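What the coordinates show
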Amino acid sequence: MHRRTFIGGASAFLFARQGNAAGSNAIKTIALNWPSAQNLLALGIVPLGIPEIERYARLAVEPQAPANVRELGLRAEPNLELLVSLRPDILVLGDDLASMRERLGAIAPSYLFNPDQADHSDRLANGRQALADLATRLNAGSAFQAFTASFERELDDARQRLQRYDGRPLFVATVLDDRRMLVFGRNSLFQSVLDRFGIENAWTGFTSRYGHAAINVDRLADRPDARLLCVGNERVVTMDRLLSAPVISSLSFVKNRRIALIPEVLFYGGLPSARRFSRLASLALGSEEYR
Amino acid sequence: MTLEKGIRHPAVPAVLLAMLALMLAARNIVGLLPDGMAFGSILFPDHSVTAEMLLHYTILPRVVVALMAGAGLGLAGAILQRILRNPLAEPATLGISAGAHLLLAIVTLFCPAILANGREWTAFAGALLALLAILALSWGKGLSPVTVTLSGLIVSLYCGAASAVLTLFNHDFLVSIFLWGAGYLDQQDWGGAGFLAPRLVVLAILAVLLLRPLTLLGLDDSSARSLGLSLAAYRLLALVVAAALTATITVSVGIISFVGLAAPALARTSGARRTGAHLAWSATIGALLLTATDQIVLSLPVTYRLFPTGAVTALLGAPLLFLLIRRLKMLAPPRTAGGPVLGRLRYPQAALVVLAALIVLGLWAAVSIGNGSQGWSFSFGTDNLLFDWRWPRALAAFSGGAMLALAGAVLQRMTGNPMASPEVLGVSSGAMLGVIVLLLTANAPTRGEQILAGAAGAFAVLALMLALSRKPGFSGDRLLLIGIALSSVSGFVMAVLMAAQDPRLSQLLAWLSGSTYGVRPEEALLATAMLAAALACVPPIRRWLELLPLGHEVAMASGVPMTLSRNLLFSLCALLTAGATILVGPLSFSGLMGPHLARLAGFQRAGLQLVASALVGGLVLLVADWIGRNVIFPFQIPAGLLATVVGGPLLLALIGRRS
């Protein structure tokens, strides 16, 4: 109930801004990667274009991009000729296109938006700071206030749902193939959300600068008391095969099906991704069976 | 030197490898064995004790699979090197693995339902299709070694490029294919071992039955024929056995590089000369080499255990090959099919002028005509808003393609190896490694820094190769072997990156696939200047390249300074390759396509062929870049990939018709 009200409110808010964006003095933005797109949309600013929109809708999912946003081509190589012809006021891009900044400068001023700092500080704080800076640059201070307020509200709701969680440590992972998973640990966006919930991460091993590591599924045997939260439901068949391997199926948490599955969430991208994760994870883990 | 003298019998490396493998395996197993656990419980584990389950279902099958896969690869490599008479031949040369990889990627994307139960069969079908393509291409020439090698290389490149296109556009959904292809040996049950064992036994028996014909196939064609051997039939049989071995192993553990190349080489240099002995020792050494490597991977700290063994073999094998290169007796290398079959152009100069005119027309079209947000548009001249964005790309594509084609033509002439393409020089691998290292260490590298890093990598490799070429025994083909060793190192880094699922991967993929996207105007001009300088070098080197393909003795007798000419030619190729790679990525195919198309068109004499190769290679890339920018607007297909995917079949058809 709460969730639906929120989405309704958010989209009303979004459409209001979109009308505004069509007006003559609104800043015309273009998002050159998905985190930029997500965070712009979170501020209610509809970019003129987003790369790989279809896949964005499938993998990042929210905030939804309206149908009139232009497809820019591949994330790695957004179409420069198209960018020129769209005449944007500002290009919002991430680290991945940093080497192109100089050339992009000939089209419009570029803004480097990076919610995923590589240091080991809190990812949510980083994401919030990056979003605040973006909002300042685009004169969207009130939209930022509104978004963070709704973000905190959703996080509170999620914590509420998890109040009676049984306290087991949690593996958060995405299935890669029938022997391997991408597990999220220290320094990951998901970890920052789990910290807010007070849930212990079962993976304490090595992680990359994005906070993830590819591991063999048998490493789950290190914590047989844990629970597994699988992010991404595109590979359910593979997950079943992965969990049916002899070593894994002999573990108590697989035998007792302490496994939850949630739809795709981007594991980077700052507050919008964190919001989606906190909602989906709390709904899956807060259900009756895990209490 | 003492090491080399010590290896008199293939048993020496085999025993050394076996000791290493045993030691490491024992250490790894004992490390996992909990105190007081009975050793027998490895075979009959208690399902409630996780350590016993891990040993029985992950460590033990892993050793068995490594032994079997290594033996199979060694055997396949030995067979291929015999029938193709080429020490560079290895299972990957045939394109079998690449075919399997491509079909798996297609099925994963377009009908994933098949994969749940039919992964093995999908990969087999892909391997079979690749083999059929090679056979169809080389059938007309009685499956002659040169034709098979060349067809295999082209099929391999083609499948690789097609997979790369799919990867570039869908890498989010192809993770499992990456991981499979990287060559992991980890197991979660005995399924992999059960799959390999019966198939390998049957194929090994077939190989034994083929021993005598294989001995004769290693001779040159006329002696083999005079001994009453139906060449084509036996070559086909041997080829099918080798392909089936490769396919079986690729299906179950992915692409393992190097073992199929290094094991037979090691066996031969340490004294296994007769066919039977060579096959047997190749298989043995292959098995032990892979197992030892795999145990090394397992002994690494936990973080690094996820390195794919298939790629680590390359890392460890490269120095080994370095040591052995000088002792490696080159079998009669395949010569460029030339001479009477191909017609000569009557007015080659006029043909060159026509080519040049086509290029001018192409450049003009590439900057004037384009697809856009309002559909197709035509605008002439510099008043076009998009002119500034189009000309650097068009010029860079042309120059990059032409530089690589020129390098390819020089390399093929001086080594007499039609497979020689600039990519195998190792210089582009060096550039790749430089860029990769920068991308992983710096936070947000600029384009200028990227170029510097690429140049540093390329020149480090160039310096190494020049230093080595001073030593006796490093000539032509052998330097190519070093290049192959280096390119496997960069392949390793890519595999690790893919396995680690780094979000920065997509940028790298785009650059590696030969994209002109990021080229700045000054870079395009620099590339053109480099090309012009290289073309100016053609007249002085023309005579060398005319004489070098005729063989060492002829060239020496005609007064070609061997060492000097080799060093100069290699440096020229390396500079061209480095320049092209750094600016527009490793567009390997134009290095093959340019020279071969020029030759097929009838440009026979060295000087003319070099210029024509450059022009053809440049034109191909120019057209590919234009099509790639427009055909699926706003998405763009990198020029190098498009040239391969579209140009590959064309080249195949031409080669097929002419031969």
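Scoring rules and cut-offs
Residues numbered from 1 in each chain as written. Chains lettered and ligands numbered in written order. Predicted model: local features only at pLDDT ≥ 70, side-chain atom pairs only at ≥ 80, totals over all residues. Heavy atoms only, no water. Helix = DSSP H or I, 4+ residues; strand = E, 2+ residues; numbered from the N terminus. Buried < 20%, exposed > 50% of the residue type's maximum accessible area, 1.4 Å probe, protein only. Contact = heavy atoms within 4.5 Å. Areas by Shrake-Rupley, 256 points an atom, 1.4 Å probe, with all protein chains shown as cover. Core = buried A, V, L, I, M, F, W, Y, C linked by side-chain atoms within 4.5 Å. Domains from an automatic or database assignment. Pairing = 2+ DSSP bridges. Axes fitted to C-alpha atoms, helices over the stretch in contact; angles between N-to-C directions. Disulfide = S-S within 2.5 Å. pLDDT = per-residue confidence, 0-100. Buried area = accessible area lost by both parts, 1.4 Å probe. Salt bridge = Lys/Arg side-chain N within 4 Å of Asp/Glu carboxyl O. Polar contact = N/O pair within 3.5 Å; in protein donor to acceptor, adjacent residues only side chain to side chain. Nonpolar A, V, L, I, M, F, W, Y, C, P; charged D, E, K, R; others polar. Phe/Tyr/Trp six-rings, centres within 6.5 Å; stacked < 30°, edge-to-face > 60°. Lys NZ or Arg CZ within 6 Å of the ring centre and 35° of its normal. Patch = residues over 30% accessible without salt bridge, like charges linked within 9 Å, V, L, I, M, F, W, Y side chains within 5 Å. Expected span 1.5 Å × (residues − 1). Parallel < 35°, antiparallel > 145°, perpendicular 65-115°, else oblique. Left-handed = near helix turned anticlockwise from the far one by under 90°.

Next up on the list: the overall build of chain B. Across its full length, chain B holds 27 helices and two strands. Out of the 659 residues in chain B, the part that is buried amounts to 62%. Across chain B, every contact between residues at least 6 apart in sequence was considered, and the portion connecting residues at least 24 apart equals 79%. Split by element, the accessible area of chain B, about 24,300 Å² in all, is 71% carbon and sulfur.

Moving on: the nonpolar core. In this structure, A:L134, A:V172, A:L229, A:F277, B:I79 and B:I83 are the most contacted members of the largest nonpolar core, which totals 132 residues. Counting residues per element, this core draws most heavily on helix α3 (residues 50-84) of chain B, at twelve residues. Taken together, domain 1 (3-158) and domain 2 (166-290) of chain A each give at least three residues to this core, which thus spans both. Ranked by size, the runner-up nonpolar core spans 100 residues in total, among them B:L395, B:V435, B:V538 and B:A598.

Residue and element names in this part refer to chain A. Across the sheet, five strands lie side by side as β8-β7-β6-β9-β10; this open sheet has mixed pairing. Looking at strand neighbours, the two that pair on one side only are β8 (212-216) and β10 (259-262), the edges of this open sheet. Neighbour to neighbour, the strand axes of the sheet diverge by 35° on average, direction disregarded. Bridge count between strand β9 (residues 227-231) and β10: four bridges; the pairing is parallel. Residue pairing for β10: C230 is matched across the bridge by L261. Strands β6 (170-175), β9 and β10 of the sheet are contacted by helix α12 (residues 271-285), whose axis makes an angle of about 145° with β10.

Taken as a whole, this structure holds zero disulfides over all chains when the rule is applied. B:C537 takes part in no disulfide bond, and the closest cysteine sulfur, belonging to B:C573, lies 11 Å away.

On average, residues of chain A score 83 in pLDDT, and 88% of them are at 70 or above. Counting contacts from residues 1-24 of chain A, a segment whose pLDDT is below 50, to residues more than four positions away or on other chains yields 22 contacts.

Residue and element names in this part refer to chain A. One can read the domain layout of chain A as domain 1 (3-158) and domain 2 (166-290). On the domain 2 side, the residues contacting the 34 residues of domain 1 number 26 residues. Summing both sides of the interface, domain 1 and domain 2 together bury roughly 2,800 Å²; the carbon and sulfur share of this comes to 57%. Looking only at domain 1, the three residues that lose the most surface to domain 2 are E62, R123 and L124, adding up to 22% of its buried area. The shortest N-O distance in the salt bridge between E154 and R279 comes to 3.1 Å. Connecting domain 1 to domain 2 are nine residue pairs in polar contact (both at pLDDT 80 or more). Counting only elements with at least two residues in the side of domain 1 that touches domain 2, the list comes to α1 (2-22), α2 (34-42), α3 (53-59), α6 (123-137) and α7 (141-161). Tallied by class, residues from the side of domain 1 that touches domain 2 come to 16 nonpolar, six polar and twelve charged.

Here we take up the packing of aromatic side chains. Residue and element names in this part refer to chain A. On inspection of all chains with the given rule, the structure shows nine aromatic pairs over all chains. With 4.8 Å between their ring centres and 65° between their planes, F184 and F190 make a pair best called edge-to-face. With respect to burial, F184 and F190 carry one shared label: buried. An aromatic cluster is defined as three or more aromatic residues linked by ring pairs; in this entry it consists of F184, F190, F267, Y268 and F277. One cation-aromatic arrangement involves R75 over W34; the distance from NZ or CZ to the ring centre is 3.8 Å.

Looking now at the pattern of salt bridges. Once the charged atoms of two side chains with opposite charge are near each other, the side chains can pair. Residues and elements named next belong to chain A. Throughout the structure, instances matching the rule amount to 24 salt bridges over all chains. The partner of E62 in a salt bridge is R279, and the shortest N-O contact between them spans 2.8 Å. Highlighted residues: E62 in the loop between α3 and β3 (70-71) and R279 in helix α12, separated in sequence by 217 residues. Owing to a relative accessible area of 3%, R279 belongs among the buried residues under this scheme. Connected via shared salt-bridge partners are E62, E154, R275, R276 and R279.

This brings us to a nonpolar patch on the surface. Residues and elements named next belong to chain B. Together, V201, V202, I205, L206 and L209 line one region of the surface with nonpolar side chains, adding up to about 470 Å² of accessible area. Within the secondary structure, L206 is located in helix α8 (residues 191-209). A relative accessible area of 37% places L206 in the partly exposed class.

Residues and elements named next belong to chain B. If you check helix α17 (residues 427-441), its first and last C-alpha atoms are 21 Å apart, about what 15 residues at 1.5 Å a residue would give, namely 21 Å. For α17, the tally of buried residues reaches twelve of 15 residues, placing the bulk of the element in the interior. Listed in full, the buried residues belonging to α17 are V427, S428, S429, G430, A431, M432, L433, G434, V435, I436, L438 and L439.

Another aspect to go through is the packing of helix α8 (residues 189-197) of chain A against α12(A). All names here are of chain A. Contact geometry for α8 and α12: axes closest at 10 Å, N-to-C directions at 50°. In terms of axis orientation, α8 runs oblique to α12. At the point where α8 passes α12, the crossing takes the right-handed sense. Contacts between α8 and α12 pair L189, F190, V193, L194 and F197 from the former with S273, A274, F277 and S278 from the latter. Looking at the contact of α8 with α12, its residues break down into seven nonpolar, two polar and no charged.

Quick look at the pairing of strand β4 (residues 90-93) of chain A now. Residue and element names in this part refer to chain A. Both faces of β4 are covered, namely the face carrying I90 and V92 and the face carrying L91 and L93. Pairing of strand β1 (residues 29-31) with β4 involves three bridges; the strand directions are parallel. Following the sheet pairing, T29 is matched in β4 by I90.

Attention now moves to the interface of chain A and chain B. At the interface, 58 residues of chain A touch 60 residues of chain B. Note on chain A versus chain B: buried area summed over both sides is about 5,400 Å², and carbon and sulfur give 58% of it. Counting the surface chain A buries against chain B, the share from its top three residues, A:E77, A:E81 and A:R103, is 15%. In this assembly, chain A and chain B are joined by five salt bridges. The interface formed by chain A and chain B includes eleven residue pairs in polar contact (both at pLDDT 80 or more). Looking at the side of chain A that touches chain B, the elements that each hand over two or more residues are α3, β3, α4 (80-86), α5 (101-104), β7 (180-184), β8, α9 (236-243) and α10 (246-249) of chain A.

A separate point is the side chain of B:S270. You can see B:S270 is positioned in the loop between α12 (259-269) and α13 (275-299). At 3.3 Å, the side chain of B:S270 forms a polar contact with the backbone oxygen of B:A267.

Moving on, we come to the packing of α2(A) against α12(A). Residue and element names in this part refer to chain A. Relative orientation of the contacting elements α2 and α12 amounts to 80°, with a least axis distance of 8 Å. Judged on the interaxial angle alone, α12 and α2 are roughly perpendicular. Together, Q38, N39 and A42 of α2 and L271, P272 and S273 of α12 make up the contact between the two elements.

With that settled, the discussion passes to the confidence of the model for chain B. All names here are of chain B. Within chain B, residue pLDDT values average 79, and 82% of them lie at 70 or more. Averaged pLDDT values for the elements of chain B fall to 47 in helix α1 (residues 2-6) and rise to 91 in helix α21 (residues 521-536). Per-residue pLDDT stays below 50 along residues 1-5; that stretch engages in four contacts with residues further than four places along the chain or on separate chains. This model gives residues 331-341 a pLDDT under 50, and the stretch forms 26 contacts once residues within four places in sequence are excluded.

To continue, consider the environment of B:I249. Residues and elements named next belong to chain B. Mapping I249 onto the fold places it in helix α11 (residues 231-253). The class of I249 is buried, set by a relative accessible area of 0%. The spatial distance from the C-alpha of I249 to the C-alpha of G70 is 8.8 Å, given a sequence separation of 179 residues. In contact with I249, other than residues within four places in its own chain, are A69, G72, L73, L196, L200 and G254.

All names here are of chain A. Strands sit in the order β1-β4-β5 across an open sheet of three strands; the sheet is parallel. Unpaired on one side and paired on the other, β1 and β5 (110-112) mark the two borders of the sheet. Sheet twist, expressed as the average angle between the axes of neighbouring strands with direction ignored, equals 25°. Packed onto the sheet, α2 meets β1 and β4 and runs at close to 135° relative to β1.

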